[in-house]
Amino acid sequence: QVQLVESGGGLVQAGKSLRLSCAASGQTINRNSMGWFRQAPGKEREGVSCISRTGGAVAYDDSVKGRFTISRDNAKNTVYLHMNSLKPEDTAVYYCAAGFGYGLELSAYNFWGQGTQVTVAS
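Residues numbered from 1 in each chain as written. Predicted model: local features only at pLDDT ≥ 70, side-chain atom pairs only at ≥ 80, totals over all residues. Heavy atoms only, no water.

Draft legend 1. Spotlight on the overall build of the protein chain. Counting secondary structure elements, the protein chain contains zero helices and 11 strands. Going from N to C terminus, the protein chain has its helices and strands arranged as β-β-β-β-β-β-β-β-β-β-β. By its C-alpha atoms, the protein chain is 40 × 25 × 25 Å across when sized along the principal axes. A buried classification covers 43% of the 122 residues belonging to the protein chain. Counting only carbon and sulfur atoms, one obtains 48% of the accessible surface of the protein chain, whose full area is about 6000 Å². (Helix = DSSP H or I, 4+ residues; strand = E, 2+ residues; numbered from the N terminus. Buried < 20%, exposed > 50% of the residue type's maximum accessible area, 1.4 Å probe, protein only. Areas by Shrake-Rupley, 256 points an atom, 1.4 Å probe, with all protein chains shown as cover.)

Draft legend 2. Local environment of the environment of Lys 87. Take Lys 87: it is sitting in the loop between strand S8 (78-83) and strand S9 (92-99). Sequence separation between Lys 87 and Arg 67 is 20 residues; the distance between their C-alpha atoms is 10.0 Å. Contact partners of Lys 87, with chain neighbours within four places excluded, come to Arg 67 and Val 120. (Contact = heavy atoms within 4.5 Å.)

Draft legend 3. A look at the environment of Gly 47. When you line up the elements, Gly 47 lands in strand S5 (residues 46-51). According to the relative accessible area criterion, Gly 47 is buried, its value standing at 11%. For the pair Gly 47 and Ala 98, spaced 51 residues apart in sequence, the C-alpha to C-alpha distance is 13 Å. Here Gly 47 is in contact with Trp 36, Phe 37, Asp 61 and Leu 104, once residues within four sequence places are set aside.

Draft legend 4. Inspection of the environment of Ser 7 at higher detail. Within the secondary structure, Ser 7 sits in strand S1 (residues 3-7). With 66 residues separating them in the primary sequence, Ser 7 and Asp 73 have C-alpha atoms 15 Å apart. Not counting chain neighbours up to four residues away, the residues in contact with Ser 7 comprise Arg 19, Leu 20, Ser 21 and Thr 116.

Draft legend 5. Examining the pattern of salt bridges more closely. Within this structure, the stated rule accounts for four salt bridges. Two residues, Asp 90 and Arg 38, come together in a salt bridge whose shortest N-O distance is 2.9 Å. Remark: Arg 38 occurs in strand S4 (residues 33-39) and Asp 90 occurs in the loop between S8 and S9; sequence separation between them is 52 residues. Overall, the relative accessible area of 6% leaves Arg 38 in the buried class. (Salt bridge = Lys/Arg side-chain N within 4 Å of Asp/Glu carboxyl O.)

Draft legend 6. View of the pairing of S9. Of all eight residues in S9, seven are buried, a share of seventy percent or more. As paired strands, S9 and strand S11 (residues 116-121) are joined by three bridges and run antiparallel to one another. Bridging across to S11, Val 93 finds its partner in Gln 117. The pairing of S9 with strand S10 (residues 111-112) spans two bridges and is antiparallel. Residue Ala 97 lies in a different strand from S10, and its bridge partner there is Trp 112. (Pairing = 2+ DSSP bridges.)

Draft legend 7. How the structure looks around the pairing of S4. The element S4 is extensively covered by neighbouring structure, given that six of its seven residues are classed as buried. Here S4 runs beside S9; their pairing, made up of seven bridges, is antiparallel. Counterpart to Phe 37 in the pairing with S9 is Tyr 95. Looking at chain direction, S4 and S5 are connected through five bridges and run antiparallel.

So, in structure tokens, the structure goes:
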């Protein structure tokens, strides 16, 4: 059983950068694929990015491709999401997830954090 805690969210201006962190505890995540998802008010939760257990494969939603970068440090039991060139439409609660599959589908993940709010202002 892995517990996930996101951090790094906040209020930023459009065009700025932010780094989200997902710290895992309870067990190591070195056997898990990890994903970042987001949910805006009134919207469905959507996949943002994912990374395979070794970091050898990554995927991004088209809306963030070229702007966001996912990475992981298994020694630190932590996953990151570097967000650059932020847009107001990136505003959402961002969730970290761990699973034994791989992909941007919610069903690929078994364990979820509580989320961290990202607000991008013009």
